[in-house]
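Residue strings, one per chain:
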Amino acid sequence: MATLNATLRATSIPEHVTSSNAFIALSAISSFLSICGSVAIIITYFLWREIQSTSRKILVCISICDFITASGNVMTILRPHLTRSDELCMGQSFVTTTSTLCSFFWTSYLGLYLFLSFVRRHFRLAENLLLIFHITAWGIPISIVITALVKGKLGYSQDFLTGGWCWIDRGARNSLFWMLITGKAWEVGAYIIISVFFVVVKCHIKKEASFFSLFSFLK
């Protein structure tokens, strides 16, 4: 019996391997669904001219970023054995890190646009800001990631929680700082900005709905 238990322990799959495979499977499924959703949003925007508003344009930009990010993640999942010097790993890190940062910017700008348009009623200002949105939402992330690439910070993160895709090389100097500057800091900032704008716009819509209900009742 003891021999049998020892044999089972020796042939059993390590826990970290099964956990890694589970994360990779979930990452593959979520990436596939993200690709499908992004493609659907992009196609419907170009098929129906009546929905081609500025807010929809921003949503399309977000969908393009999400499509690139998900495609890059799938590409890495299909080639799981990566190393620090792997060119595919560095290339995927550059593309997906850039698209992820762009997505954070565009999502924050969507909240700002809705706030200016529906709460402040500054329609012309909101429309004129679209050019600035494009310059900063694409330009700043590209500049950050190019800097990280030149300094040799991109690579295999060795983090099973990311589902196996590449980001910042964990063996690089100041890797934690570069993880913040190429993703996490902007991610947290975007969450805060989006939450604030959501609450403000939601309260404004609720207030207007109450006003029109009262007006209809008095009328």
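Figured I'd write up the structure that's included with this text.

Calculation notes
Residues numbered from 1 in each chain as written. Predicted model: local features only at pLDDT ≥ 70, side-chain atom pairs only at ≥ 80, totals over all residues. Heavy atoms only, no water. Helix = DSSP H or I, 4+ residues; strand = E, 2+ residues; numbered from the N terminus. Buried < 20%, exposed > 50% of the residue type's maximum accessible area, 1.4 Å probe, protein only. Contact = heavy atoms within 4.5 Å. Areas by Shrake-Rupley, 256 points an atom, 1.4 Å probe, with all protein chains shown as cover. Polar contact = N/O pair within 3.5 Å; in protein donor to acceptor, adjacent residues only side chain to side chain. Axes fitted to C-alpha atoms, helices over the stretch in contact; angles between N-to-C directions. Parallel < 35°, antiparallel > 145°, perpendicular 65-115°, else oblique. Left-handed = near helix turned anticlockwise from the far one by under 90°. Nonpolar A, V, L, I, M, F, W, Y, C, P; charged D, E, K, R; others polar. Expected span 1.5 Å × (residues − 1). Bend = angle between axes of the 7 residues up to and from the residue. Disulfide = S-S within 2.5 Å.

Along the backbone of the protein there are six helices and two strands. Reading the protein from its N terminus to its C terminus gives the helix and strand order α-α-α-α-α-β-β-α. When each of the 219 residues of the protein is scored for burial, the buried share is 34%. By sequence separation, contacts in the protein at least 24 residues apart represent 66% of the contacts at least 6 residues apart. Carbon together with sulfur atoms contributes 70% to the accessible area of the protein, which is approximately 13700 Å² in total.

Here we take up unusual backbone geometry. If you check the backbone angles, Arg121 has positive phi at about 65 degrees while not being a glycine. With a phi angle near 55 degrees, Asn174 is a residue other than glycine that sits in the positive phi range. In this fold, Asn174 is placed in the loop between strand E2 (167-168) and helix H6 (175-218).

A few words on the environment of Thr69. Following the sequence through the fold, Thr69 ends up in helix H3 (residues 54-77). Along the chain, Thr69 and Ser34 lie 35 residues apart, while their C-alpha atoms are 9.1 Å from each other. Not counting residues within four places of it along the chain, the set of residues in contact with Thr69 comprises Thr96, Ser99 and Thr100. One polar contact links Thr69 to Ser99, side chain to side chain, over a distance of 2.5 Å.

Turning to the packing of helix H4 (residues 87-119) against helix H5 (residues 123-150), a few remarks are in order. Their axes nearest at 9 Å, the elements H4 and H5 cross at an angle of 160 degrees. In this view, H4 runs roughly antiparallel relative to H5, as classed from their interaxial angle. Here H4 runs over H5; the crossing is right-handed. Along the lines of polarity and charge, the residues of the contact of H4 with H5 split into 25 nonpolar, five polar and one charged.

Let's shift gears to the side chain of Thr136. Within the secondary structure, Thr136 is located in helix H5. Those residues in contact with Thr136 that lie beyond four places of it in its chain are Phe105, Tyr109 and Pro141.

Moving on: H5. Along an α-helix, a turn takes 3.6 residues, which lines up residues three or four apart on a common side. With 28 residues, H5 should cover 40 Å at 1.5 Å per step; its first-to-last C-alpha distance of 41 Å lies within 8% of that length. Where H5 bends most, the angle comes to about 35 degrees, and this point is Leu131. When we look at burial in H5, the residues that qualify are Ala126, Leu129, Leu130, Phe133, Thr136, Ala137, Pro141, Ile144, Val145 and Ala148. Phi for Gly152, located one or two positions after H5, is positive at around 70 degrees.

Applying the stated rule across the entire model yields one disulfide. Here Cys89 pairs with Cys166 through a disulfide, and the sulfurs are 2.0 Å apart. Torsion about the S-S bond of the Cys89 and Cys166 cystine: about -120 degrees, corresponding to left-handed handedness. Within this pair, whereas Cys89 is found in helix H4, its partner Cys166 is found in the loop between strand E1 (154-155) and E2, the two being separated by 77 residues in sequence. Take Cys89: its relative accessible area is 1%, and that puts it in the buried class. Free of any disulfide, Cys61 has its nearest cysteine sulfur in Cys65, 6.9 Å distant. We classify Cys61 as buried; its relative accessible area is 8%.

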